Amino acid sequence: MANFVAGTHGRPGFRKRGKHEGFRIIAVKATDIRRLSRNVGEVRIPKAGWIRFRWSRPVPDGVKSFRVTRDRAGRWFIAFAAIPQPIAAPRTGEVAGVDRGVTVSAALSTGELLIVPALRDSEKARLLRLVRKLARAMRRSKRRCAVKAAIARLKARETDRRKDWVEKTSTQLAQRFDVIGVENLKIRNMTRSARGTKDAPGKNVRQKAGLNRAVLAAGWGGLVTLLEHKAPGRVVKVDPAFTSRRCSACGIVDRRARESQAVFRCRSCGFTGNADVNATRNIRDIAAGHAVNARGGDRDAGPVNREPRLVPPLA
Ligand SMILES: [Zn+2]
């Protein structure tokens, strides 16, 4: 409830079978975990005994607790709790602006456009077919269970792709740039509409709606959260006012410069470019100004990682 009031989480609801299944084991001893081979490990779980798991990455030293979870696709996971070291700043003085795009998932001030991988068209079509099938399946029937499991597997594939993208992108950003400017989410709404305005209607409005929007929103939110963990103290949250209307070349704020969803054309200096990239350049410039202030004008010090913020465990 406290998280809900703080605005970071949704409204708490009742538990449901098959959803967020899992438990946490604390006070783990080193003798409770053992490695059987290169990719197989074993862990002692109270009341269950020795349970094997795939040793997919090194188990951190001195681990005190772990979580066992089961996702809706029926996959079991084990996660050993450890706070990872933040990624060191490259100390090149480079500042990046990152923004949620209207036409892409995220744009960089370097001109790169990033797209959160979603389900392919064929997978989306299959998902739709399965949802219809589910609606026709009789309650409590075997077929209904099978269809539900198939839907869960498809959705899990989508989630996996998004999480993988978020991890890789946030790591790359933290490695490449000293300071990363993002827009402050609390000021603008979570999901920007693809509809556009009356004068400049957006394209592909139908495709943007629904499924895609949720993926984009989750991808973006996760990217900012992970960036703050991986580059603590190096993420600057920028007030997004005017960032989409200001010309990043001459600084003029002109509402009509936004020629369409994708194109920004400055009427005073003639600068033309991708509208999303133009916004990220503005964010970058504001972030660079803040970063200098945050350093107290000491230009040699450079931005550094601060102590990582302690994140409370999920379970
Ligand atoms: Zn201009």
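Draft legend 1. Representation of the packing of helix α2 (residues 121–136) against helix α3 (residues 142–176) in the model. Interaxial distance between α2 and α3 falls to 9 Å at its minimum, and their mutual angle equals 150°. One element, α2, and the other, α3, form an angle in the roughly antiparallel class. Between α2 and α3 lies a crossing of left-handed hand. Contacts from Glu-123, Arg-126, Leu-127, Leu-130, Val-131, Lys-133, Leu-134 and Arg-136 of α2 reach α3 at Arg-143, Arg-144, Val-147, Lys-148, Ala-150, Ile-151, Leu-154, Lys-155, Arg-157 and Arg-161.

Draft legend 2. Highlighting the coordination of the zinc ion. Protein-derived ligands of the zinc ion are Cys-247 (SG), Cys-250 (SG), Cys-266 (SG) and Cys-269 (SG), with the metal-ligand distances lying across 2.2 to 2.3 Å. Around the zinc ion sit four donor atoms; with metal-centred angles ranging over 106 to 113°, the donor geometry is tetrahedral.

Draft legend 3. Spatial organisation of the environment of Val-63. Mapped onto the secondary structure, Val-63 falls in the loop between β4 (49–54) and β5 (66–70). Val-63 gets classed as buried once you look at its relative accessible area, which sits at 11%. Spatially, the C-alpha atom of Val-63 lies 6.5 Å from that of Ala-81, the residues being 18 residues apart in sequence. If sequence neighbours within four positions are ignored, Val-63 has contacts with Val-28, Ile-33, Phe-80 and Ala-81.

Draft legend 4. Layout of the pattern of salt bridges. Using the criterion set out here, one finds 15 salt bridges in the structure. A salt bridge links Glu-167 to Lys-230, with the shortest nitrogen-to-oxygen separation between them at 2.8 Å. Placement of the pair is Glu-167 in helix α3 and Lys-230 in helix α5 (residues 211–230), with a sequence separation of 63 residues. Residue Glu-167 is classed as partly exposed on the basis of its relative accessible area, which comes to 39%. Ionic contacts of the salt-bridge type, sharing partners, join the residues Arg-120, Glu-123, Arg-157 and Arg-161 into one network.

Draft legend 5. Just the sheet that holds strand β1 (residues 21–25), in detail. On the basis of which strands lie adjacent, the open sheet formed by three strands has the order β1-β5-β6 and antiparallel pairing. Pairing within the sheet leaves two strands with one partner each, and these edge strands are β1 and β6 (76–80). Recorded for the sheet is a direction-independent mean angle of 15° between the axes of neighbouring strands. With five bridges connecting them, β5 and β6 associate as antiparallel partners. The partner of Arg-67 across the bridge, within β6, is Ala-79.

Draft legend 6. Representation of the sheet that holds strand β2 (residues 33–35) in the model. Pairing in this open sheet of three strands is antiparallel, and the strands run β2-β3-β4 from one edge to the other. Single-partner strands in this sheet number two, and they are β2 and β4. Across the sheet, the mean angle separating the axes of adjacent strands is 25° when strand polarity is ignored. Bridge count for strand β3 (residues 40–45) against β4 is six bridges, and the pairing is antiparallel. Paired with Val-40 across the bridge in β4 is Arg-54.

Draft legend 7. Up close: the nonpolar core. In terms of nonpolar packing, the biggest core is built from 21 residues, with Val-98, Trp-165, Ile-180 and Val-182 touching the most fellow members. Put simply, the parts of the chain that give this core at least two residues each are β7 (95–100), β8 (106–108), α3, β10 (179–183) and α5. Judged by nonpolar contacts, the second largest core, of 12 residues, contains Val-28, Val-43, Phe-53 and Phe-80.

Draft legend 8. Region of interest: the confidence of the model for the chain. The predicted model of the chain has a mean per-residue pLDDT of 82, with 80% of residues at 70 or higher. Low pLDDT (under 50) marks residues 187–200, which in the prediction has 35 contacts with non-local residues, meaning those over four places away or in another chain. Taken together, the stretch residues 292–301 has pLDDT below 50 and engages in five contacts with residues farther than four places along the chain or on a different chain.

Draft legend 9. The arrangement of α2 in detail. Along its 16 residues, α2 runs 23 Å from first to last C-alpha, staying within 8% of the 22 Å computed at 1.5 Å per residue. Looking only at α2, the buried set comprises Glu-123, Leu-127, Leu-130 and Leu-134. Projected onto a plane normal to the axis of α2, the buried residues spread over an arc of 65° and lie on a single side. Of the residues in α2, the exposed ones pointing more than 90 degrees away from the buried face are Asp-121, Arg-129, Ala-135 and Arg-136.

Draft legend 10. Structural view of the pairing of β3. Judged from the three bridges that link them, β2 and β3 form a sheet pairing that is antiparallel. What sits directly across from Ile-33, in β3, is Val-43. Where β3 hands over to β4, the hairpin turn is made up of three residues, of which Lys-47 adopts a positive phi near 75°.

Draft legend 11. The arrangement of the packing of aromatic side chains in detail. Summed over all chains, the structure comprises four aromatic pairs. Between Phe-53 and Trp-55 the ring centres are 5.8 Å apart and the planes differ by 20°, which places this aromatic pair in the stacked class. Residue Phe-53 is classed as buried on the basis of its relative accessible area, which comes to 12%. Pairwise contacts between aromatic rings join Phe-53, Trp-55, Phe-66 and Phe-80 into one cluster. The ring of Trp-50 is capped by Arg-34, whose NZ or CZ atom sits 3.8 Å from the centre of that ring.

About the thresholds
- Residues numbered from 1 in each chain as written.
- Predicted model: local features only at pLDDT ≥ 70, side-chain atom pairs only at ≥ 80, totals over all residues.
- Heavy atoms only, no water.
- Axes fitted to C-alpha atoms, helices over the stretch in contact; angles between N-to-C directions.
- Helix = DSSP H or I, 4+ residues; strand = E, 2+ residues; numbered from the N terminus.
- Parallel < 35°, antiparallel > 145°, perpendicular 65-115°, else oblique.
- Left-handed = near helix turned anticlockwise from the far one by under 90°.
- Contact = heavy atoms within 4.5 Å.
- Donors = N, O, S within 2.8 Å, 3.2 Å for Na, K, Ca; no water.
- Tetrahedral: all angles 85-135°; square planar, octahedral: opposite > 155°, others 65-115°.
- Buried < 20%, exposed > 50% of the residue type's maximum accessible area, 1.4 Å probe, protein only.
- Salt bridge = Lys/Arg side-chain N within 4 Å of Asp/Glu carboxyl O.
- Pairing = 2+ DSSP bridges.
- Core = buried A, V, L, I, M, F, W, Y, C linked by side-chain atoms within 4.5 Å.
- pLDDT = per-residue confidence, 0-100.
- Expected span 1.5 Å × (residues − 1).
- Arc of directions from axis to C-beta.
- Phe/Tyr/Trp six-rings, centres within 6.5 Å; stacked < 30°, edge-to-face > 60°.
- Lys NZ or Arg CZ within 6 Å of the ring centre and 35° of its normal.

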